[in-house]
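A closer look at the structure
Each chain, written out:
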Amino acid sequence: MARLTLLVVAVLAAVATAFVPASTPLARSATALPVKIKVEVGEGEPIESALRRFKREVNKSGHLMDLRYKRYFENSQERKKRKIVQARFRKRMERMQARRMRQQRT
């Protein structure tokens, strides 16, 4: 159990530092985020399923996307364009999900 927790913490540290620019020191850079993601691992649970749940939690938290966007300076016009593209994609996914739900009901 302790080894698994240590492994999860090590994976999180590796993932968090993977998107830090190489020119800045790793100690408290501008892209550092307070990440507090925990995954409880049950007795006898395979490490693969725990890692899968951990990756899902990291993706849901949005920390990696924030780090990717903060890696380089993004002015307000670029940020606005990115937000518009994200909103368009989100609306498209919502429409697809609504269509699937309607098809399941019929």
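Scroll up for the structure.
Description of the structure in this document. It should be emphasised that the depicted structure is a prediction, and the values quoted were computed from it without experimental measurement.

Here we come to the overall build of the chain. Of regular secondary structure, the chain possesses four helices and zero strands. The buried share of the chain, reckoned over its 106 residues, is 20%. Taking as baseline every contact in the chain between residues at least 6 positions apart, the subset at least 24 positions apart corresponds to 57%. About 8,900 Å² of surface is accessible on the chain, with carbon and sulfur atoms providing 57% of the total.

Right, let's talk about helix α3 (residues 63-70) for a bit. Buried within α3 we find H63, L64 and L67. Along the long axis of α3, the arc covered by the buried residues comes to 95°, so they all point the same way.

The next thing to look at is helix α4 (residues 76-105). For α4, with 30 residues, the first-to-last C-alpha span of 43 Å sits near the 44 Å given by 1.5 Å per residue. Where α4 begins, the capping side chain belongs to N75, and its oxygen is found 3.3 Å from the backbone nitrogen of Q77.

Bringing the side chain of R82 into the picture now. Relative to the assigned elements, R82 resides in helix α4. Given the relative accessible area of 16%, R82 is considered buried. Once residues lying within four places of it in the same chain are set aside, the contact partners of R82 are Y69 and E74.

Before going further, it helps to examine a positive patch on the surface. Positive charge collects at one region of the surface, where R92, R95, R99, R100, R102 and R105 lie side by side. Within the secondary structure, R105 is located in helix α4.

What follows deals with the packing of aromatic side chains. For the structure shown, the criterion picks out zero aromatic pairs. Lying over the aromatic face of Y69, R82 brings its terminal NZ or CZ to 3.7 Å of the ring centre.

Counting across every chain of the model gives four salt bridges. As a salt-bridge pair, K60 and E57 come within 3.5 Å of each other at their nearest N and O atoms. Here K60 and its partner E57 are both found in helix α2 (residues 47-61), three residues apart, which amounts to about one turn of the helix. Between K91 and E94 there is a salt bridge whose closest N-O contact spans 3.9 Å. Taken together, the residues K91 and E94, both in helix α4 and three residues apart, mark about one turn of the helix. Judged by its relative accessible area of 43%, E94 falls in the partly exposed class.

Turning our attention to the environment of L51. Residue position: L51 is located in helix α2. Owing to a relative accessible area of 24%, L51 belongs among the partly exposed residues under this scheme. When the C-alpha positions of L51 and V41 are compared, they lie 9.6 Å apart, and in sequence the two are ten residues distant.

Rules behind the numbers
- Residues numbered from 1 in each chain as written.
- Predicted model: local features only at pLDDT ≥ 70, side-chain atom pairs only at ≥ 80, totals over all residues.
- Heavy atoms only, no water.
- Helix = DSSP H or I, 4+ residues; strand = E, 2+ residues; numbered from the N terminus.
- Buried < 20%, exposed > 50% of the residue type's maximum accessible area, 1.4 Å probe, protein only.
- Contact = heavy atoms within 4.5 Å.
- Areas by Shrake-Rupley, 256 points an atom, 1.4 Å probe, with all protein chains shown as cover.
- Arc of directions from axis to C-beta.
- Expected span 1.5 Å × (residues − 1).
- Polar contact = N/O pair within 3.5 Å; in protein donor to acceptor, adjacent residues only side chain to side chain.
- Patch = residues over 30% accessible without salt bridge, like charges linked within 9 Å, V, L, I, M, F, W, Y side chains within 5 Å.
- Salt bridge = Lys/Arg side-chain N within 4 Å of Asp/Glu carboxyl O.
- Lys, Arg positive; Asp, Glu negative; His and termini not counted.
- Charge placed at Lys NZ, Arg CZ, Asp CG, Glu CD.
- Phe/Tyr/Trp six-rings, centres within 6.5 Å; stacked < 30°, edge-to-face > 60°.
- Lys NZ or Arg CZ within 6 Å of the ring centre and 35° of its normal.

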